[in-house]
Amino acid sequence: MLDLIGDEGVGVDQVEAFNSAPAERLRADLHACCAAAGWGAAIETGRPYPSRTAIVAAADAASRGLSWAEVLDGLSAHPRIGERATGGSADAAWSRREQSAAASSADETTAAALVAANRAYEQRFGHVFLIFASGRSSAEILAAATERLGHDEATERAVVADELRKIALLRLERLLDAGG
């Protein structure tokens, strides 16, 4: 993760830390935000940025410019809703954090319905159900999954791409806030 504390323990400007981070470390940090390689590359090549707002705007634009193949790459780092991400990576920790409220609010019936909805979704669309889960209950996520099962392929692809964008931007904000 970006080190936003200087050598003497004094807070370093977030934008300066982002702009001066070694490329290899920045790539890893951006990959934790969104596994679509083109997303991170677009942000990295835009350095230096004049402000935090400019970094987030570049990330938003990069998200909106992802091809469907790149969106699928981004999905590869996301576990099924209701399944706990494993490992010590930043993206696994963020995934656990993002799904924690939903997981803690799921009773047995809702949890079973989420498993069934995940299965039906994957059979219908061929990829994991992705939703910006932060702040949502399991019942809200289940309702969204049920609704989205009725989408046609083009509509659902647009929704998935936007959900990935929202997750990536949240994670980038956390990265800029010293690893949130």
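About the criteria used
- Residues numbered from 1 in each chain as written.
- Predicted model: local features only at pLDDT ≥ 70, side-chain atom pairs only at ≥ 80, totals over all residues.
- Heavy atoms only, no water.
- Helix = DSSP H or I, 4+ residues; strand = E, 2+ residues; numbered from the N terminus.
- Buried < 20%, exposed > 50% of the residue type's maximum accessible area, 1.4 Å probe, protein only.
- Contact = heavy atoms within 4.5 Å.
- Axes fitted to C-alpha atoms, helices over the stretch in contact; angles between N-to-C directions.
- Parallel < 35°, antiparallel > 145°, perpendicular 65-115°, else oblique.
- Left-handed = near helix turned anticlockwise from the far one by under 90°.
- Nonpolar A, V, L, I, M, F, W, Y, C, P; charged D, E, K, R; others polar.
- Expected span 1.5 Å × (residues − 1).
- Polar contact = N/O pair within 3.5 Å; in protein donor to acceptor, adjacent residues only side chain to side chain.
- Core = buried A, V, L, I, M, F, W, Y, C linked by side-chain atoms within 4.5 Å.
- Salt bridge = Lys/Arg side-chain N within 4 Å of Asp/Glu carboxyl O.
- Phe/Tyr/Trp six-rings, centres within 6.5 Å; stacked < 30°, edge-to-face > 60°.
- pLDDT = per-residue confidence, 0-100.

Caption draft 1: Looking closely at the overall build of the chain. Scanning the chain from N- to C-terminus turns up nine helices and zero strands. Each helix and strand of the chain, placed in order from N terminus to C terminus, yields the pattern α-α-α-α-α-α-α-α-α. Counting over 180 residues, the chain shows a buried share of 41%. The long-range share in the chain, meaning contacts at least 24 apart out of those at least 6 apart in sequence, stands at 70%.

Caption draft 2: Looking closely at the packing of helix H5 (residues 68–75) against helix H9 (residues 153–176). Put simply, H5 and H9 touch, their axes get as near as 10 Å, and they point 55° apart. The orientation of H5 with respect to H9, classified from their angle, is oblique. The interaxial crossing formed by H5 with H9 has left-handed handedness. For the pair H5 and H9, the contacting residues are Trp68, Val71, Gly74 and Leu75 in the first and Arg157, Val160, Ala161 and Leu164 in the second. Residues that form the contact of H5 with H9 fall into these classes: six nonpolar, one polar and one charged.

Caption draft 3: Main features of the side chain of Thr110. Among the secondary structure elements, Thr110 is positioned in helix H7 (residues 108–125). Apart from the residues within four sequence positions on either side, Thr110 is in contact with Ser138, Ala139 and Leu142.

Caption draft 4: Spotlight on unusual backbone geometry. The residue after Arg47, namely Pro48, is reached through a cis peptide bond having omega 0°. With respect to the helices, strands and loops of the structure, Pro48 is situated in the loop between helix H3 (37–45) and helix H4 (52–64).

Caption draft 5: Fine view of H9. Between its first and last C-alpha atoms H9 spans 34 Å; for 24 residues at 1.5 Å apiece the expected length is 34 Å, and the two agree. Measuring from the side-chain oxygen of the N-cap residue of H9 to the backbone nitrogen of Ala154 gives 3.2 Å; that N-cap residue is Asp152.

Caption draft 6: Quick peek at the nonpolar core. Core analysis: the biggest nonpolar cluster contains 41 residues, and Phe18, Leu30, Trp39, Ile43 and Leu172 have the highest contact counts within it. For this core, the secondary structure elements donating two or more residues are helix H1 (14–20), helix H2 (23–33), H3, H4, H5, H7, helix H8 (138–148) and H9. Among the elements that take part in this core, H9 stands out by supplying eight residues, more than any other.

Caption draft 7: Seen up close, the pattern of salt bridges. The final tally for this structure, using the stated rule, is 10 salt bridges. For Asp60, the salt bridge is made with Arg165, and the minimal N-O distance between the two is 2.9 Å. One end of the pair, Asp60, is in helix H4; the other, Arg165, is in helix H9, and 105 residues separate them in sequence. By the burial criterion, Asp60 is buried, and Arg165 matches it. The closest approach of N and O atoms between Lys166 and Glu163, which form a salt bridge, is 2.8 Å.

Caption draft 8: Main features of the packing of aromatic side chains. Here the structure, examined in full by the defined rule, presents three aromatic pairs. Note on Tyr121 and Phe129: the rings are 5.1 Å apart at their centroids and 75° apart in plane angle, and the pair reads as edge-to-face. Neither Tyr121 nor Phe129 differs from the other in exposure class; each is buried. Following the ring pairs from residue to residue traces out a cluster consisting of Tyr121, Phe125 and Phe129.

Caption draft 9: Layout of the confidence of the model for the chain. Chain-level pLDDT for the chain is 85 on average; 78% of the residues reach the 70-or-more range. Note on residues 4–11: pLDDT is under 50 here. Beyond four places in sequence and across chains, it has 13 contacts.

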